[in-house]
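Remarks on the overall topology
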Amino acid sequence: MRFFQKIGNALSRFMYGRNGADYLGMTLLWIAIILDVINMFIKNDTVHMLLGIVTAILLAWTIFRMLSRNLQKRRAENAWFMNKCFYPVARGFRQAKQRSQDKDHKYFTCPSCRAVCRVPKGKGKIVITCPKCRHQIHAKS
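Rules used in this analysis
- Residues numbered from 1 in each chain as written.
- Predicted model: local features only at pLDDT ≥ 70, side-chain atom pairs only at ≥ 80, totals over all residues.
- Heavy atoms only, no water.
- Helix = DSSP H or I, 4+ residues; strand = E, 2+ residues; numbered from the N terminus.
- Rg over C-alpha atoms; globule rule 2.2 N^0.38 Å.
- Buried < 20%, exposed > 50% of the residue type's maximum accessible area, 1.4 Å probe, protein only.
- Patch = residues over 30% accessible without salt bridge, like charges linked within 9 Å, V, L, I, M, F, W, Y side chains within 5 Å.
- Areas by Shrake-Rupley, 256 points an atom, 1.4 Å probe, with all protein chains shown as cover.
- Salt bridge = Lys/Arg side-chain N within 4 Å of Asp/Glu carboxyl O.
- Lys, Arg positive; Asp, Glu negative; His and termini not counted.
- Charge placed at Lys NZ, Arg CZ, Asp CG, Glu CD.
- Contact = heavy atoms within 4.5 Å.
- Core = buried A, V, L, I, M, F, W, Y, C linked by side-chain atoms within 4.5 Å.
- Pairing = 2+ DSSP bridges.
- Axes fitted to C-alpha atoms, helices over the stretch in contact; angles between N-to-C directions.
- Parallel < 35°, antiparallel > 145°, perpendicular 65-115°, else oblique.
- Nonpolar A, V, L, I, M, F, W, Y, C, P; charged D, E, K, R; others polar.

**Focus on the overall build of the chain**
If you tally the helices and strands in the chain, you get four helices and four strands. Going from N to C terminus, the chain has its helices and strands arranged as α-α-α-α-β-β-β-β. A compact globule built from 141 residues would reach a C-alpha radius of gyration of about 14 Å, whereas the chain, at 24 Å, exceeds it by more than 25%. Its C-alpha atoms give the chain principal-axis dimensions of roughly 70 × 45 × 30 Å. Scored against the burial criterion, the 141 residues of the chain give a buried share of 22%.

Structure, rendered in structure tokens:
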């Protein structure tokens with residue numbers, strides 16, 4: 001058996017029953033990297049020290065989560081992150097991309113309830129009635 005295979009097998013045995021990397025851990029890692037890059041350009045000593053401490057705390061928390069054997073709690077934390085942060089942001093990006101590719105319709109956001117209303121393009125000045133709150137929007141399609 002080669003040297004690197006032995007190291008890989010030993011690492012696999014060590015990580016068995018541990019949490020490992022998940023979306024929350026990877027997000028924390030990327031935030032720590034971004035803060036560390038920002039920290040390189042800061043001249044103020046106090047802010048530089050505070051950002052360094054925040055980065056160290058984020059990295060320590062990420063490593064703790066990766067090596068934790070309390071799988072139930074770590075999976076619950078990751079599920080909360082996915083439901084509250086990751087999925088809404090991903091859904092927003094996906095909808096924005098879909099709207100930008102739609103050449104036949106124009107999208108308006110209702111100012112009172114924030115619902116998105118889709119109308120066909122090229123109809124001139126129109127009055128849009130929101131289907132949720134019945135608020136009227138005067139706009140040009």
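**Some thoughts on a positive patch on the surface**
Among the surface-exposed residues, Lys103, Lys106, Lys121, Lys125 and Lys140 lie close enough to one another that they form a single positively charged patch. Examined against the element boundaries, lysine 140 turns out to sit in strand β4 (residues 136-140).

**Focus: the environment of histidine 135**
Position of histidine 135 among the secondary structure elements: in the loop between β3 (125-129) and β4. With a relative accessible area of 32%, histidine 135 lands in the partly exposed category. Taking the C-alpha atoms as reference points, histidine 135 and cysteine 110, 25 residues apart in sequence, are found 7.4 Å from one another. Excluding residues that lie within four positions of it along the chain, histidine 135 makes contacts with Cys110, Pro111, Ser112, Ile128, Thr129 and Cys130.

**A closer look at a nonpolar patch on the surface**
On the surface, Met26, Trp30, Ile33, Val37, Met40 and Phe41 cluster together into a nonpolar patch covering about 660 Å² of accessible area. Along the chain, tryptophan 30 turns up in helix α2 (residues 23-40).

**Some words on the nonpolar core**
Counting nine residues, the largest nonpolar core consists of Phe108, Cys110, Ala115, Cys117, Val119, Ile128, Cys130, Ile137 and Ala139. Elements with a minimum of two residues in this core: β2 (116-120) and β4. Once residues within four sequence positions are removed from consideration, alanine 139 is found in contact with Phe108, Gly124, Lys125, Ile126 and Ile128. Formed by eight residues, the second largest nonpolar core is a distinct cluster that contains Leu28, Ala32, Leu51 and Phe81.

**Some details on the pairing of β4**
Side chains Ile137 and Ala139 of β4 all project onto a buried face; the interleaved residues Gln136, His138 and Lys140 project onto a face where none is buried. Direction of pairing for β3 relative to β4: antiparallel, over a ladder of five bridges. Bridge pairing in β4 links isoleucine 128 to isoleucine 137.

**Considerations on the side chain of arginine 65**
Within the secondary structure, arginine 65 is located in helix α3 (residues 45-67). Among all residues touching arginine 65, those that are not within four sequence positions of it are Asn19, Gly20, Asp22, Leu24, Gly25, Leu28, Arg74, Glu77 and Asn78.

**Points about the packing of α2 against helix α4 (residues 71-101)**
Remark: α2 packs on α4, axes separated minimally by 8 Å, with the N-to-C direction vectors making an angle of 65°. Comparing their axes, α4 and α2 come out roughly perpendicular. Here α2 contributes Tyr23, Leu24 and Thr27 to the contact with α4, which in turn contributes Glu77, Asn78, Phe81, Met82 and Phe86. Here the residues of the contact of α2 with α4 are counted per class, giving five nonpolar, two polar and one charged.

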